[in-house]
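# Chains, contacts and geometry: an overview
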Amino acid sequence: MVDAGKRVLVAGATGYVGRHVIARLHDEGFIVRAVVRDKARACAPGAYDAPALAALVDEWVIAPEGEVDLGPDVMSGVDHVISALGVTRQKADPWTIDFLLNLRFLELAEQAEVDSFLYVGVMNAASGTSAVSRAKHAFMEALSRSRVVPQIVDPSGYFSDLTEIYDLARRGMAFGLGDGSVRLSPIHGADLADFCVSRLGGSAGSWNVGGPETLTYREIVRIAFEAAGKKPRYTRVPGPFASAAVWTADRISPRAGSLTRFFLDGMQTDSVGDPHGTHTLADYYAALAR
Ligand SMILES: NC(=O)c1ccc[n+]([C@@H]2O[C@H](COP(=O)([O-])OP(=O)(O)OC[C@H]3O[C@@H](n4cnc5c(N)ncnc54)[C@H](OP(=O)(O)O)[C@@H]3O)[C@@H](O)[C@H]2O)c1
């Protein structure tokens, strides 16, 4: 399915997933055009061991102001678009970025008649209660009706996010909602990138993608404590805490409310995709412990 030699524009290039996608595209012989806010930051290594982009990008588009910077030239000669653009820890409104800015990329891709547009969303977006899930779901709806070949990849949790569980375990702590029986299939950025790049040149579709293992939240906590060399602990947070936390966060700011909902949705809903890749969480945590 791989369409090597073609030009791929990557939005969200400086993120955990975007950086791994670019490394994979580079290895496969694609021409990589990266849209970034800050080239110096892009050229340095990313968080969670994500690759530096200095030697991996062929063409740079610097767009500090988001949509304002994007004209039709951005898409000239582009065959495929991959977007891993979204608000995670950034201070921005998800509707402006996850929906409107992705929509602007899609509009330009349609005008330039690119072959396909692959979007990295999130699993369970349709039922999610956060502003992030709503904005992502709205964009997926728009993309699925697009003239370009729409490809929607909905991943389970990333190893990057699950680093926090290891960091807590190192300090001898673990918190979880209820009995921790919710199931995930966590995925490493490199494995997700491999899946995304393997779709290029292929057909339209929508895929739930996970890593090679399905684990309960409690099992993830146990693996983290083993790697940290600490005696396992688990503090159950009672269910009613969730609504109290949302109530409080909503009164702090819309951003706090959305982040809290996103986190609590994830703690209460299984997020298991078709297995892909080779990286295990135990190996990832063991590397953190070294
Ligand atoms: N973390 C998880 O477990 C998980 C699971 C499933 C799906 N997802 C989704 O997968 C996608 C990629 O995740 P990730 O971990 O790679 O996220 P990330 O590391 O935060 O990267 C997000 C990308 O979007 C860009 N971005 C964010 N806000 C922006 C703004 N206001 N203006 C311009 N660019 C902006 C970032 O640019 P800067 O570097 O310049 O900020 C970065 O390139 C996200 O949509 C996320 O919600 C995450």
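Now for a description of the structure that goes with this document. (Residues numbered from 1 in each chain as written. Predicted model: local features only at pLDDT ≥ 70, side-chain atom pairs only at ≥ 80, totals over all residues. Heavy atoms only, no water.)

### Topic: the side chain of Ser 185
Within the element layout of this structure, Ser 185 appears in the loop between strand E8 (183-184) and helix H6 (189-199). Relative accessible area serves as the criterion here: at 1%, Ser 185 is assigned to the buried category. Once residues within four sequence positions are removed from consideration, Ser 185 is found in contact with Ser 156, Gly 157, Gly 210, Gly 211, Glu 213, Thr 214, Ser 271, Val 272 and Gly 273. (Helix = DSSP H or I, 4+ residues; strand = E, 2+ residues; numbered from the N terminus. Buried < 20%, exposed > 50% of the residue type's maximum accessible area, 1.4 Å probe, protein only. Contact = heavy atoms within 4.5 Å.)

### With respect to the site of the ligand
Taken together, 23 residues are adjacent to the ligand, and Thr 14, Arg 41, Thr 88, Lys 136 and Tyr 158 come closest. Thr 88 places a polar side-chain atom, nitrogen or oxygen, 2.4 Å from an oxygen atom of the ligand. Here the ligand, which alone exposes 890 Å², has 90% of that area covered by the protein. Counted by class, the shell around the ligand contains 10 nonpolar, nine polar and four charged residues. (Near = heavy atom within 4 Å. Polar contact = N/O pair within 3.5 Å; in protein donor to acceptor, adjacent residues only side chain to side chain. Areas by Shrake-Rupley, 256 points an atom, 1.4 Å probe, with all protein chains shown as cover. Nonpolar A, V, L, I, M, F, W, Y, C, P; charged D, E, K, R; others polar.)

### Looking at the packing of aromatic side chains
Considering all chains together, one arrives at 10 aromatic pairs under this definition. Centre to centre, the rings of Tyr 16 and Tyr 48 are 6.3 Å apart; their planes meet at 90°, and the pair counts as edge-to-face. In this pair, Tyr 16 is assigned in helix H1 (residues 16-28) and Tyr 48 in the loop between helix H2 (39-43) and strand E3 (59-62), connecting sequence segments 32 residues apart. Relative accessible area serves as the criterion here: at 29%, Tyr 48 is assigned to the partly exposed category. Ring plane angle 50° and centroid distance 5.2 Å describe the contact between Phe 159 and Tyr 284, whose orientation is recorded as tilted. Residue Phe 159 is located in helix H5 (residues 159-170), and its partner Tyr 284 is located in helix H10 (residues 281-289); the two are separated by 125 residues in the primary sequence. For the residue pair Phe 159 and Tyr 284, the accessibility class agrees, reading buried in each case. Among the aromatic residues, ring-to-ring pairing joins Phe 159, Tyr 166, Tyr 284 and Tyr 285 into one connected group. One Lys or Arg, Arg 199, reaches over the ring of Trp 207 and ends 5.1 Å from the middle of that ring. (Phe/Tyr/Trp six-rings, centres within 6.5 Å; stacked < 30°, edge-to-face > 60°. Lys NZ or Arg CZ within 6 Å of the ring centre and 35° of its normal.)

### Topic: the pattern of salt bridges
Evaluation of the coordinates by the stated rule reveals 13 salt bridges. Glu 28 is the partner of Arg 24 in a salt bridge, and the nearest nitrogen-oxygen pair spans 3.0 Å. Pair noted here: Arg 24 and Glu 28 are both in helix H1, with a separation of four residues, about one helical turn. Exposure remark for Arg 24: the relative accessible area of 27% places this residue in the partly exposed category. Its salt-bridge partner being Arg 89, residue Glu 164 comes within 3.7 Å of it at the nearest N-O pair. Here Glu 164, found in helix H5, pairs with Arg 89, found in the loop between strand E4 (80-83) and helix H3 (94-111); they are 75 residues apart in sequence, far enough to count as distant. On the accessibility criterion, Arg 89 (44% relative accessible area) is partly exposed. Connected through salt bridges with shared partners, the residues Arg 7, Arg 33 and Glu 59 form a single ionic network. (Salt bridge = Lys/Arg side-chain N within 4 Å of Asp/Glu carboxyl O.)

### A few points about the packing of H5 against helix H7 (residues 217-228)
Packed helix pairs are characterised by how far apart their axes lie and by the angle those axes make with each other. Between H5 and H7, whose axes approach to 8 Å, the crossing angle comes to 55°. By the criterion of interaxial angle, the relationship of H5 to H7 is oblique. Note that H5 runs across H7; the crossing there is right-handed. Contacts between H5 and H7 involve Leu 162, Ile 165, Tyr 166, Ala 169 and Arg 170 from the first element and Tyr 217, Ile 220, Val 221, Ala 224, Phe 225, Ala 227 and Ala 228 from the second. Here the contact of H5 with H7 is composed, by residue class, of 11 nonpolar, no polar and one charged. (Axes fitted to C-alpha atoms, helices over the stretch in contact; angles between N-to-C directions. Parallel < 35°, antiparallel > 145°, perpendicular 65-115°, else oblique. Left-handed = near helix turned anticlockwise from the far one by under 90°.)

### Some thoughts on the nonpolar core
A general feature of soluble globular proteins is that nonpolar side chains tend to end up buried together. Counting 58 residues, the largest nonpolar core has Ile 22, Leu 25, Leu 192 and Tyr 285 as the members making the most contacts within it. Contact partners of Leu 192, with chain neighbours within four places excluded, come to Val 17, Val 120, Val 153, Pro 155, Tyr 158, Ile 187 and Val 209. Core analysis: the next-biggest nonpolar cluster, separate from the first, contains 31 residues, Val 35, Val 87, Met 140 and Val 148 among them. (Core = buried A, V, L, I, M, F, W, Y, C linked by side-chain atoms within 4.5 Å.)

### Thoughts on the pairing of strand E2 (residues 31-36)
Within E2, five of the six residues are buried, which leaves it mostly tucked inside the rest of the structure. Relative to E2, strand E1 (residues 7-11) runs parallel, the two being bridged by five bridges. Considered in E2, the bridge of Arg 7 is made with Ile 31. For the crossover from E1 across H1 to E2, the handedness is right-handed. The pairing of E2 with E3 spans four bridges and is parallel. Paired with Val 36 across the strands is Ile 62, a residue of E3. (Pairing = 2+ DSSP bridges. Right-handed = clockwise from strand over helix to strand, strands pointing away.)

### Quick notes on the sheet that holds E2
Strand order in the open sheet made by the eight strands is E3-E2-E1-E4-E5-E6-E9-E12, with parallel pairing throughout. In the strand order of this sheet, the two ends are held by E3 and strand E12 (274-275), each with one partner. Of the strand pairs in this sheet, E4 and strand E5 (residues 116-120) are connected by four bridges, and their pairing is parallel. Note on E5: the bridge partner recorded for Ser 83 is Tyr 119. Lying on the sheet, H3 is in contact with E1, E2, E4 and E5; it crosses E5 at an angle near 165°.

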